[in-house]
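Report on the structure
Here is how the chains run, residue by residue.
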Amino acid sequence: MTIKASCHCRATTFEVSQAPLTVTQCTCSFCSKRGSLWAYYTPSQFKLTSPLKNVSFYQWGSKTVKHGFCATCGCGTFTETPDWSTGKPDFDNPKISVNSRLFDDFDLDQVEVVLIDGKNLW
């Protein structure tokens, strides 16, 4: 089941290969200000369907994670990140986290929200 997503102005579009089982709400300073609900995928499950030039990236701190946003309207879109499931970055197992609030024609209210305490974890 492919799910399509778009930013507010539709200049940045992407799709993922399946619906998320859960989405993550992170309380770190960046995510809480951004308001995203993250769904995690492998790079092969994600496809940017608009030109890469429509996406800008922001990196802070350790510069480990690339936070993407639409270069036109500013909506946070997706991140490129190592796997953090062990608490440490696994660069051999990259992930794409997408802002599930951007899913088109998808009932996000039916998906469990998992809260992580990013404010105190990193």
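Conventions adopted
- Residues numbered from 1 in each chain as written.
- Predicted model: local features only at pLDDT ≥ 70, side-chain atom pairs only at ≥ 80, totals over all residues.
- Heavy atoms only, no water.
- UniProt positions renumbered as here; feature names shortened; annotations may be inferred.
- Helix = DSSP H or I, 4+ residues; strand = E, 2+ residues; numbered from the N terminus.
- Rg over C-alpha atoms; globule rule 2.2 N^0.38 Å.
- Buried < 20%, exposed > 50% of the residue type's maximum accessible area, 1.4 Å probe, protein only.
- Contact = heavy atoms within 4.5 Å.
- Areas by Shrake-Rupley, 256 points an atom, 1.4 Å probe, with all protein chains shown as cover.
- Lys, Arg positive; Asp, Glu negative; His and termini not counted.
- Charge placed at Lys NZ, Arg CZ, Asp CG, Glu CD.
- Pairing = 2+ DSSP bridges.
- Axes fitted to C-alpha atoms, helices over the stretch in contact; angles between N-to-C directions.
- Core = buried A, V, L, I, M, F, W, Y, C linked by side-chain atoms within 4.5 Å.
- Phe/Tyr/Trp six-rings, centres within 6.5 Å; stacked < 30°, edge-to-face > 60°.
- Salt bridge = Lys/Arg side-chain N within 4 Å of Asp/Glu carboxyl O.
- Polar contact = N/O pair within 3.5 Å; in protein donor to acceptor, adjacent residues only side chain to side chain.

The name an unreviewed UniProt entry assigns to the chain is Aldehyde-activating protein, from the organism Mesorhizobium temperatum. The Sequence similarities (unreviewed entry) field of the UniProt record for the chain holds the comment "Belongs to the Gfa family."

**Remarks on the overall build of the chain**
A count of helices and strands for the chain gives two helices and ten strands. N-terminal to C-terminal, the α/β element order of the chain is β-β-β-α-β-β-β-β-β-β-β-α. The C-alpha radius of gyration computed for the chain amounts to 14 Å, which stays within 12% of the reference 14 Å derived for 122 residues, consistent with globular compactness. Projected onto its principal axes, the C-alpha coordinates of the chain cover approximately 35 × 30 × 30 Å. For the chain, the residues scored as buried account for 39% of the 122 residues in total. In the chain, 55% of the contacts between residues at least 6 apart in sequence involve partners at least 24 apart. For the chain, the exposed area adds up to about 7,200 Å²; of that, 51% sits on carbon and sulfur atoms. Put simply, the chain has 12 plus and 11 minus side-chain charges, and the middle of one group is 9 Å from the middle of the other.

**Remarks on the sheet that holds strand E1 (residues 3-6)**
Strand-to-strand pairing in sheets goes through backbone hydrogen bonds, with the strands running parallel or antiparallel. If you walk across this open sheet you meet the three strands as E1-E2-E5, and the pairing is antiparallel. With partners counted over all chains shown, the strands left at the sheet margins are E1 and strand E5 (46-48), one partner each. For this sheet, the mean angle separating the axes of adjacent strands, direction not counted, is 20°. In this sheet, strand E2 (residues 13-16) lies alongside E1 in antiparallel orientation, the contact comprising four bridges. Bridging across to E2, Ala5 finds its partner in Phe14.

**As for the nonpolar core**
Formed by 17 residues in total, the largest nonpolar core has its most connected members in Phe14, Val16, Phe46, Val98 and Phe103. Counting only elements with at least two residues in this core, the list comes to E1, E2, strand E4 (38-41) and strand E9 (90-99). Beyond its immediate sequence surroundings of up to four residues, Phe46 is in contact with Phe14, Glu15, Val16, Phe78, Ile96 and Val98.

**Side note on the packing of aromatic side chains**
We describe a pair of aromatic rings using the distance from one ring centre to the other and the angle between the two ring planes. Summed over all chains, the structure comprises six aromatic pairs. Ring geometry for Phe14 against Phe46: centres 5.5 Å apart, planes inclined by 40°, an arrangement best described as tilted. In this pair, Phe14 is assigned in strand E2 and Phe46 in strand E5, connecting sequence segments 32 residues apart. Taking the relative accessible area as the measure of exposure, Phe46 reaches 14% and is therefore buried. Ring centres of Phe14 and Phe78 lie 6.3 Å apart, and the angle between their planes is 70°; on these two criteria the pair is classed as edge-to-face.

**Some remarks on the environment of Lys33**
Structurally, Lys33 can be placed in helix H1 (residues 29-34). Distance from Lys33 to Val23, taken between C-alpha atoms, is 17 Å for residues ten residues apart in sequence.

**Remarks on the side chain of Asp83**
Within the fold, Asp83 resides in strand E8 (residues 76-83). Of the side chains bearing the opposite charge, Lys95 lies closest to the buried Asp83, which forms no salt bridge; the N-O distance is 4.4 Å. A polar contact is formed between the side chain of Asp83 and the backbone nitrogen of Ser85, at a distance of 2.7 Å. In contact with Asp83, other than residues within four places in its own chain, are Lys88, Pro89, Asp90, Asn93 and Lys95.

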